[in-house]
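A structural walkthrough
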Number of protein chains: 2
Amino acid sequence: MATEIIGGVRKRVLIVGGGFAGLRAAETLKDAEVNVTLVDRRNHHTFQPLLYQVALAVLPENEIAQPIRGIVRQANTEVLMDEVTGFDTEQCRATLKGGAELEYDYLILATGSTHSYFGHDEWATLAPGLKTIDDAVEIRRRVLLAFELAEREMQETGKHPAMNFVIIGGGATGVELAGAISDVSKLFIRHDFRHIDPAKSQVLILEGGPTILGAYPPDLQKSALRQLKGLGVQVRTDTRVTDVQPGYVMVGSERIDSVVTLWGAGVQASPLGKLLGVEVDKKGAVIVDEHLHPKGHPEIFICGDLAAAKMANGKPVPGVAQPAMQMGVYAGKSIALEVRGERMHKPFQYFDKGDMATIGRSAAVADVKWPFKAHLSGFPAWFAWLSVHIFFLIGFRNRLSVFRNWAYTYAFFKEGSRLITGDQTLPGWDHSTEGGALRTQPIAGTAEPH
Amino acid sequence: MATEIIGGVRKRVLIVGGGFAGLRAAETLKDAEVNVTLVDRRNHHTFQPLLYQVALAVLPENEIAQPIRGIVRQANTEVLMDEVTGFDTEQCRATLKGGAELEYDYLILATGSTHSYFGHDEWATLAPGLKTIDDAVEIRRRVLLAFELAEREMQETGKHPAMNFVIIGGGATGVELAGAISDVSKLFIRHDFRHIDPAKSQVLILEGGPTILGAYPPDLQKSALRQLKGLGVQVRTDTRVTDVQPGYVMVGSERIDSVVTLWGAGVQASPLGKLLGVEVDKKGAVIVDEHLHPKGHPEIFICGDLAAAKMANGKPVPGVAQPAMQMGVYAGKSIALEVRGERMHKPFQYFDKGDMATIGRSAAVADVKWPFKAHLSGFPAWFAWLSVHIFFLIGFRNRLSVFRNWAYTYAFFKEGSRLITGDQTLPGWDHSTEGGALRTQPIAGTAEPH
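Residues numbered from 1 in each chain as written. Chains lettered and ligands numbered in written order. Predicted model: local features only at pLDDT ≥ 70, side-chain atom pairs only at ≥ 80, totals over all residues. Heavy atoms only, no water.

1. A look at the sheet that holds strand S15 (residues 248–251) of chain B
Residues and elements named next belong to chain B.
- Read from one edge of the open sheet, three strands run S14-S15-S16, paired in antiparallel fashion. On the outer flanks of this sheet lie strand S14 (243–245) and strand S16 (254–257), each paired with one strand and no other. Across the sheet, the mean angle separating the axes of adjacent strands is 20° when strand polarity is ignored. (Pairing = 2+ DSSP bridges. Helix = DSSP H or I, 4+ residues; strand = E, 2+ residues; numbered from the N terminus. Axes fitted to C-alpha atoms, helices over the stretch in contact; angles between N-to-C directions.)

2. Quick word on the packing of aromatic side chains
Residue and element names in this part refer to chain A.
- The full count for this structure, using the stated rule, is 22 aromatic pairs over all chains.
- Plain terms: the ring middles of Phe-20 and Phe-47 are 5.5 Å apart, the flat faces sit at 80° to each other, and that makes the pair edge-to-face. On the criterion of sequence distance, the pair formed by Phe-20 in helix H1 (residues 20–28) and Phe-47 in the loop between strand S3 (44–46) and helix H2 (51–55) is long-range, its members being 27 residues apart.
- In this structure Phe-20 comes out as buried when scored by relative accessible area, which is 14%. (Phe/Tyr/Trp six-rings, centres within 6.5 Å; stacked < 30°, edge-to-face > 60°. Buried < 20%, exposed > 50% of the residue type's maximum accessible area, 1.4 Å probe, protein only.)

3. Here we look at the environment of Glu-299 of chain A
Residue and element names in this part refer to chain A.
- Note that Glu-299 resides in the loop between strand S19 (286–287) and strand S20 (300–302).
- Given a relative accessible area of 4%, Glu-299 falls into the buried group.
- At 3.0 Å, the side chain of Glu-299 forms a polar contact with the side chain of His-297. (Polar contact = N/O pair within 3.5 Å; in protein donor to acceptor, adjacent residues only side chain to side chain.)

4. A look at the pairing of strand S1 (residues 11–16) of chain B
Residue and element names in this part refer to chain B.
- Strand direction decides the pairing type here: S1 and strand S2 (residues 34–40), joined by six bridges, are parallel. By the bridge assignment, Val-13 is partnered in S2 with Val-36.
- Each parallel crossover has a hand, and the one from S1 via helix H1 (residues 20–28) to S2 is right-handed.
- Sheet analysis places S1 next to strand S9 (residues 106–109), joined by four bridges and oriented parallel. The residue bridging Ile-15 from the neighbouring strand is Ile-108, located in S9. (Right-handed = clockwise from strand over helix to strand, strands pointing away.)

5. Observations concerning the packing of H1 of chain B against helix H8 (residues 321–339) of chain B
Residue and element names in this part refer to chain B.
- Running from N to C, H1 and H8 point in directions that differ by 30°, and their axes come no closer than 7 Å. Where H1 crosses over H8, the two elements pack in a sense that is right-handed. Note on element contacts: H8 touches H1 through Ala-321, Ala-324, Met-325, Gly-328, Val-329, Gly-332 and Lys-333, opposite Phe-20, Ala-21, Arg-24, Ala-25 and Thr-28.
- When the residues that make up the contact of H1 with H8 are grouped by side-chain class, the tally is seven nonpolar, three polar and two charged. (Left-handed = near helix turned anticlockwise from the far one by under 90°. Contact = heavy atoms within 4.5 Å. Nonpolar A, V, L, I, M, F, W, Y, C, P; charged D, E, K, R; others polar.)

6. Some thoughts on helix H9 (residues 378–392) of chain A
Residue and element names in this part refer to chain A.
- Here H9 spans 21 Å end to end across 15 residues, near enough to the 21 Å set by a 1.5 Å rise per residue.
- Taken together, the buried positions of H9 are occupied by Gly-378, Ala-381, Trp-382, Trp-385, Leu-386, His-389 and Ile-390. Summarising the axial view, the buried residues of H9 lie within an arc of 160°, below the 170-degree limit, and thus occupy one face. (Expected span 1.5 Å × (residues − 1). Arc of directions from axis to C-beta.)

7. Quick look at the sheet that holds S1 of chain B
Residues and elements named next belong to chain B.
- The five strands are arranged S5-S2-S1-S9-S20 in an open sheet whose pairing can be described as parallel. Edge strands, defined here as strands with exactly one partner in the open sheet, are strand S5 (77–81) and strand S20 (300–302). Averaged over all pairs of adjacent strands, the angle between their axes in this sheet comes to 15°, without regard to strand direction.
- Strand direction decides the pairing type here: S9 and S20, joined by three bridges, are parallel. The residue bridging Ile-108 from the neighbouring strand is Phe-301, located in S20.
- In this fold H8 packs onto S1, S2, S9 and S20, with an angle of close to 175° to the strand it touches most, S9.

8. Considering H8 of chain B
Residues and elements named next belong to chain B.
- Spanning 19 residues, H8 covers 27 Å between terminal C-alpha atoms, matching the ideal 27 Å at 1.5 Å per step.
- Burial within H8 is extensive, with 16 of its 19 residues counted as buried.
- Backbone geometry just downstream of H8 places Gly-341 in the positive-phi region, at approximately 80°.

Right, here's the structure in full:
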């Protein structure tokens, strides 16, 4: 515990997770009299709000991911690429994958969230979600490869499977992916093929709840629905997927063919929350008090998606970038005060500037709450979304490059980063005979894309 | 055969391979009265001369790879992403992986070359070579991860394995990789770590022959050797690797530890050459006459690395970009003439402008033969190399972007594209205990990085 440290020795702050919360926490502690260690499994920070742009080949991955060592260059902070596998909160120690231990006086845990397949982990390889650069590259690979395989099959056999892209989940990620696939097929690659017409592709969102974008005001939900329909995206609500198989999904007894299935349905908190041995909610997010502490641990701060924090109105703080950054700053400031012998009295309060979701090119919804209140739709919302995200890429050397790529791609429908790398097969496609025919029955052998 | 086609019908030209030769051939046939089909296994053309820059995190992959559909946009040409698995040269048919067949009147075969492990294919996963984007990303992953693992081990255990990078083969690829690893460790990432000093890394080239850069004039070989030594790269010639294991290589009874082993030793021609059923040399390259035809097949042209062509002086045409492009143009012109009822009388002759190999930042050798004869070393050679390669990126939308990235990276030693994606383990490293200790004995289990 902090109190066990002999006076004069710098307090050790352990930050686990190099996402928005972790990076802002480290930045906030830049001038504090502490020694900071930032641990992340990966060597890079990912700008998640733009991940779907990588997934749909608009932006190359290196434009939205930066090495953490390159971002965090401050004397009192070291970066360690490693995986935390456990905690001894009594002894204030974190265990690393290799077995070594890191002692801390303060712990900032900000390891975010991951996909939840509702107990059907076998669906993961059949319906990838979008959380990491690897996820995005895998989705890009599948979507682009589906068109190539259809072209090949049409060229060789005169027929090809219906180009149905099924997106499970109608939250922000599902809506963004749906709009982007529609853009890619109707704008960017429509002139690339001779035998198929990518513009005839169908994008279908299957949402289990009564509405898409559940967190948004009703008028924006309706607007989003209109804009999606305008792009030709089909939306089915109150529709629960009961099975995911190579080449199709099941809704009860109804079978829906799918050349590529994507997952935007469930998220769950990083497993590290449970490892603390404190109270977590049903998603595994850590229940925190108004100072972001789990019960009984004033030396621990939980930030970002991993924190089950409440807003003034009692609603949960959304799992997006803004609150994550604010929590990181709050934790950093609290520790900086404490090591100076002061105290952070102000509880954490999420300053909600609003929510935005894009629906493809120049379509979006924005629930703006600051600096003014407004519900924006269509181009204004998209422009607001674009401006804000460009702005928050600050610190990324290639902010301008992102903007240029973007403007270029959207203005001229030219390839952003349209590479198919790695494995050249898709689940559900039979690659043994007529170049990539989509099987009508599941094949165990192709359930694993890798 | 061409003569079997009823008059009036456009001749069908099948180009297999979307490398330098295939693309130039298609381009040359742009206005010819033919229907061209360009088949490639991948959806992108790779600018191979710059691959090593991707491998060492200077350039992001999308800057040197472009979708073939985006490059070849001409009315008489269609692009098919598929794999040719056989030929019926009597019936003028190519078989595709899916079993379908493509008929042709003219065949341009330009599928290049691949690594040769001299019958030790089990070395492939332990010592990756550099031919594709996937290869480059894998090498980048291994080199960057090696430093991260060493830092982790030093931080956790107070020791780390000697950072020896072993490169097998002292040809152009080996020399470029060696120089680039030296640059990365001594310039780009030297300030990234707290516990290890990347600048202390050792790069070792093991060359089986009597000299590095065997194809170059003796004075340039010596200069290259001097420049490599200047970068701290060790070179051992007449040194045959007898075994490659996770974590080390064997030279006879001598064991040389290696955190990352790379392969620049052998190449062999694409297997498609043999499938033609014509005469091939010991590397599998197709023996061609002065018109690039294999014996008895005036309707077939072999271009690029796959062609065993001779220069005026009797020496083999080198397997680099220049001759490949020239062969592609020659084949295209020949066909364009024939379909107009004329004949190409001039035999193919390689117009040799010279050879260049870089040895890291502002170091290189250039054997310039045109527009003037000169042997360049050091910065002038490097500058010539850079200018030429930037120039030949023409057609790549992001030529300027490459140059900017490059200038930026080399001028400020800033990260180019330093992402570690995919698998987070390395062969030879034990990831079960103390974060990534390099095993001193081979472990079967880790022989496969994937």
